[in-house]
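Each chain, written out:
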Amino acid sequence: MSDIRLPSLGADMDAATIVSWCVAPGDAVQKGDLLGEIETDKGVFDLDSREAGVVAALLVAPGTKVTVGTPIVRLQEAVPVPTAAAPEAPEAPEAPEAPEAPEAPEAPEAPEAPEAPEAPEAPAAPEAPAAPSALAAPAAPPPSPSPHHPHVSPLARRIAAEHGLDLAGVTGTGVQGAITQADVARALAARDDATPAAPTGAPVPTPASAHTPATIVDGMRRAVAAAVTRSKRDIPHYYLEHDVDLHAALAWLARHNADRPITERVLPAALLVRATVQALARVPELNGVHEHGAFTPSSAVHVGIVTALRGGGLVAPVIADAQTHSLAELNAALLDLVQRTRAGALRTSELGGGTISITNLGDRGVRAVHGVIYPPQVAIVGFGAIADRPWAVDGMLAVRPVVTITLAADHRVSDGIRGAQFLADIGRRLQAPEDA
Amino acid sequence: MAEQAQAPMPSAAAPAPESPATPATVRMTYREAVREAIREAMHADPRVFVMGEDVGAYGGCYAVTKGLLTEFGPERLRDTPLSESAFVGAGIGAAVGGMRPIVEIMTVNFSLLALDQIMNTAATFLHMSGGQCNVPVVIRMTTGAGRQLAAQHSHSLEGWYAHIPGLRILAPATVEDARRMLAPALADPDPVLLFEHALLYNVSGDVPPADAFVPFDRAIVRRAGHDVTLVTYGGMLARTLEAAERLAADDGIEAEVIDLRSLRPLDEATILDSVRRTHRAVIVDEGWRSGSLSAEIAARIAEQAFFDLDAPLRRVCSAEVPMPYARHLEQAALPQVDGILAAVRPLVTR
Amino acid sequence: MTVLTPPAPEREQDRGRAIARLTSMLRIRRFEERCGELYQDEKIRGFLHLYIGQEAVATGVMSCLRADDAVVATYREHGHALARGISADAIMAEMFGKVTGTSRGRGGSMHLFDTATRFYGGHAIVGAGLPFAIGLALADRLQGRDRVTACFFGEGAVAEGEFHESLNLAVLWQLPVLFCCENNLYAMGTEIAHEQAETDLALKAAAYRLPSWPVDGMDVDAVESATRRAVAAIRAGEGPHFLELRTYRFRPHSMFDPGLYRSADEVAQWMTRCPIATYSARLRAAGWLDDDTLAGIEQAAREEVEQAVTFAEQSPWEPMDDLLRFVTSEEVRHG
């Protein structure tokens, strides 16, 4: 018997709302299987199982907001599955034994009840403050809201009434899944905008419309603000930039892509990411996490790809073990991530655990981007636009495609000379892409 | 902590730049501020005198009145026997008899020995006499925990007193308020109880010129914010401000912090105005939760700003236990910054 | 020393003063009798504690006080208020709950106040008047005035901590207080022997090192002469004095009291010592009182009481809109 707890998907996440469950008590799950969906400030994510077993109980009802670390699913060890189709001895452990009740005549041998015991959807103290001190706990653990009677804050109800908004389809993000004024504002914006609503009801912020109270603040903005504020407060950044001539790299890429179908064509960004990943092997103090006053380098390179959401805001889904990816695999992973991020289809396992981040604002035309490190990481690499620039070649002025690669790194962990060596190494690798 | 407690309040402390005679801001401890206030009052008005246990020769249990015996003599700095009811009652009688007594009770727990006089005499006389008998007495006492003084010296019972019509209850949380609240309290024709949190006496802070002082019955917004209103007073102000800074830094949550200053009457307007802007409120009170001042504030918000609320009201109060001696238990029993953070964070969702 | 030795009672030598004392006691008696009827007629409600039997105490003490002295009394204080000079009209109106009452109908029988005569209640918490009284005396001391504060309380209050705290403090600070303990032998229904380990209250008070005299509280001249000596000493700066005024209440503790705790014989026994009857007899014996004089005094007392009832009946009620007045000095303050 073990509990799956709400995972922390990022340093700035401390709670999430359970959107739905994909499993039911009695279901067998393997590690990595989809359990359900959770919603955070940054959107809706799939929740993967961390271990194999049989679902004994779902501890939190959909619509309930719980803090990180709260047990949400109870698993028990998998019972050997009967090989035959015969449903004879399900004998679910801990099944409430009904037979003693004399008024239940069919109970004893009802063989078609192999389903595991009706797991009580026990609301396990949703906001359970384990805090021993002066509790701020709600007076009583509230029951999970019925889907037909969602909680609505008084203010949200008032605004909705003023605008004739039907709350039936509105997803609540507040305490106990309550619909808040922000939820109402999003719903109003969605109703009034011609554009389709955000996918899967994710709380993608919308710009304030005429119907939106001016006081409504974008939650995504807040989450980002919290992370970058913390970063700028705690991390002493240093910044370097390095211009790289991509003449050779792009020429190689053109040849490489020439006889491939569109779907397999490699983007310049993939080349840049691969060079970065490879260069990290020589500068371990840029790859890892700084927590509790100490830096832990990582042998694996888990690259967070900073991705803008269509509605505003940022996420940084991670390509795990990028050092093992071929160029084609990296390219595919990048495309996939961007696509799924924008569709709101990221999985929880893709959000945490980054050891370095890459931000690319090249397609917006900027020359250089000086990034803000995503705690607890210690470095972020930025790519500007690849643009034709005057470039001295053998004492002559030439025009070359040039990119400015930047590094923002944590000075507690590394020094500028190491960062400079790292950028130079990336530049060198981009001169001979075929070797990679 | 001190510096935070003294955070400037733009609305409150607007200086008058033209006035060349404006004396400079002075820095002192909370203890010195109370002492200076007493000294000033005694110089200004011969009717003012101080009475209480060990206020004279000993210099005050918390050294607030140290040195005043030499300055004013034993007639005006009166040591009393351990007779809380008698000397508080005597203060009430002396006030009716034309004096302006400042009665000091060592701690709020001891004040219960004089509760009869405070409740049944001081608070009732004006009404019971059909408006004939004002009781212009000032009663000062320490309150609050944090010094491992266990279950008979540590409680925060000011909320009980705030229950009683006829009393004015003040809780100076800053050095400036400690310095400036006594004079208007003495000028008040009705009984005033001043609660000084024991942990504040050593705190240093700035005392701006007297003309910058905000009337003592007004709450003050000590920190502006738009996401949530934190209502507090007295000894909890500093840690509430600390929590607000952490919320801003870690969560991007901008909390508005209101220092009540006057627990009775309550400045409802300031509380409600803030909640109508932030739509969320958390009350931080060192008193117990049940039947408390925090409950009163929550009820008033619910009564008068219900349709402005976007989240449930929350309270951060002391654990419902007589104050334990052991430090770890005492700290666990008291509202702490983490508890405030835990109460606020779930409320501010987007 | 004279700590426990009261001055010998002195017979009043002046007919006019003697007649005035008799008049005062009769006036209180008739007033209280009428109050008892009005209570049964439901004109007066709440608790009503009658002073019948104890009239000599209030009469004797008040006759020794100056206009600028102060009086602090208990919930059985109609007699004290009348003897202090508060009008019967205002007292009766207060019991009717009318705006013309001493406390605008907010105090009732137990809380008569009149700052003009320095009459400060009307305290219905047993013992609570003592700390207040020493505070009044302290104010006089600090302001250099030679005023005296007379503080009345029953023997039941002697069991309260505030009694002991206050006597101790008053003696420590040598405050000008006259402690008037009206020992009527019963704290509500509890006989003194059941609530006091030492029933000699003058002896008990003397432990606080102040002159402490037992006085026959059924003899108005004895009360007057003891009080006069005590007040003179207090005014001369000799510190607080304590009088144990031994008396008896003829009526029940309050109106709804079946009197189970004492025998009819005992009450009858004490009634033979009725302060009015014995004083009348003494004045007759001295040739100072005849039937016509007594009838005149009675007539005047009855007329005053009936006038007070009429006044109370005809007086208006406090407007309901004024409910929240006098809670604090700012008349409307949001609690």
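Quick caveat, the model's predicted, so the values are computed rather than measured.

Enquirer: How should I be thinking about the overall build of chain B in this particular structure?
Expert: A tally of regular secondary structure across chain B gives 15 helices and 14 strands. Residues counted as buried form 61% of the 350 residues belonging to chain B. At a minimum sequence separation of 6, the contacts of chain B that also span at least 24 residues come to 78%.

Enquirer: Honestly, the interface of chain C and chain B in this entry has me stumped. Any pointers?
Expert: Accessible area lost upon the coming together of the parts is a frequently used measure of interface size. At the junction of the two partners, chain C supplies 37 residues and chain B supplies 38 residues. At the level of elements, α5 (129-142) and α6 (161-172) of chain C are the ones that each hand at least two residues to the side of chain C that touches chain B. When residues of the side of chain C that touches chain B are assigned to their parent elements, the largest contribution, 10 residues, is made by α5(C). Here the side of chain C that touches chain B is built from residues that sort into 16 nonpolar, 14 polar and seven charged.

Enquirer: Whenever I open this one, the environment of S87(C) confuses me. Can you help?
Expert: Along the chain, S87(C) turns up in the loop between α3 (78-84) and α4 (88-96). Note on S87(C): 18 C-beta atoms within 10 Å, which makes it partly exposed.

Enquirer: Is there a simple way to explain the pairing of strand β3 (residues 119-123) of chain C in this structure?
Expert: For a regular strand, side chains alternate in direction, first toward one face of the sheet and then toward the other. All names here are of chain C. Counting buried positions along β3 yields five of five residues, so the element is predominantly enclosed. Here strand β1 (residues 70-74) pairs with β3 via three bridges, running parallel. Across the sheet, the residue bridging to V71 is F119, located in β3. Pairing between strand β2 (residues 113-114) and β3: two bridges, direction antiparallel. Bridging from a neighbouring strand, D114 pairs with F119 of β3. Hairpin connection from β2 to β3: four residues lie between these consecutive antiparallel strands, with R118 at a positive phi of about 50 degrees.

Enquirer: Could you clarify how one ought to interpret the sheet that holds strand β7 (residues 65-67) of chain A in this entry?
Expert: Each strand in a sheet pairs with its neighbour through backbone hydrogen bonds, running either in the same direction (parallel) or in the opposite one (antiparallel). All names here are of chain A. Pairing is antiparallel across the open sheet formed by four strands, whose spatial order is β5-β4-β2-β7. Every other strand in the sheet has two partners, leaving β5 (43-48) and β7 as the edge strands with one partner each. Pairs of neighbouring strands in the sheet enclose a mean axial angle of 40 degrees, with direction left out of account. Two strands pair when backbone bridges link them, and strand β2 (residues 15-21) and β7 are joined in this way by three bridges, in the antiparallel orientation. Each bridged residue has a counterpart across the sheet, and for A15 the counterpart in β7 is T67.

Enquirer: Is there a simple way to explain the packing of helix α5 (residues 268-280) of chain A against helix α7 (residues 416-431) of chain A in this structure?
Expert: All names here are of chain A. The geometry of α5 relative to α7 is characterised by a closest axis approach of 9 Å and an angle of 130 degrees between their N-to-C directions. When the interaxial angle is binned, α5 and α7 end up oblique. Where α5 crosses over α7, the handedness of that crossing is right-handed. Side by side, α5 and α7 meet where L271, A275, T276, Q278 and A279 of the first sit next to F422, D425, I426, R429 and L430 of the second. Split by residue class, the contact of α5 with α7 holds six nonpolar, two polar and two charged.

Rules of the game
- Residues numbered from 1 in each chain as written.
- Chains lettered and ligands numbered in written order.
- Predicted model: local features only at pLDDT ≥ 70, side-chain atom pairs only at ≥ 80, totals over all residues.
- Helix = DSSP H or I, 4+ residues; strand = E, 2+ residues; numbered from the N terminus.
- Buried ≥ 20, exposed ≤ 12 C-beta atoms within 10 Å, placed from the backbone.
- Contact = placed C-beta atoms within 7 Å.
- Nonpolar A, V, L, I, M, F, W, Y, C, P; charged D, E, K, R; others polar.
- Pairing = 2+ DSSP bridges.
- Axes fitted to C-alpha atoms, helices over the stretch in contact; angles between N-to-C directions.
- Parallel < 35°, antiparallel > 145°, perpendicular 65-115°, else oblique.
- Left-handed = near helix turned anticlockwise from the far one by under 90°.

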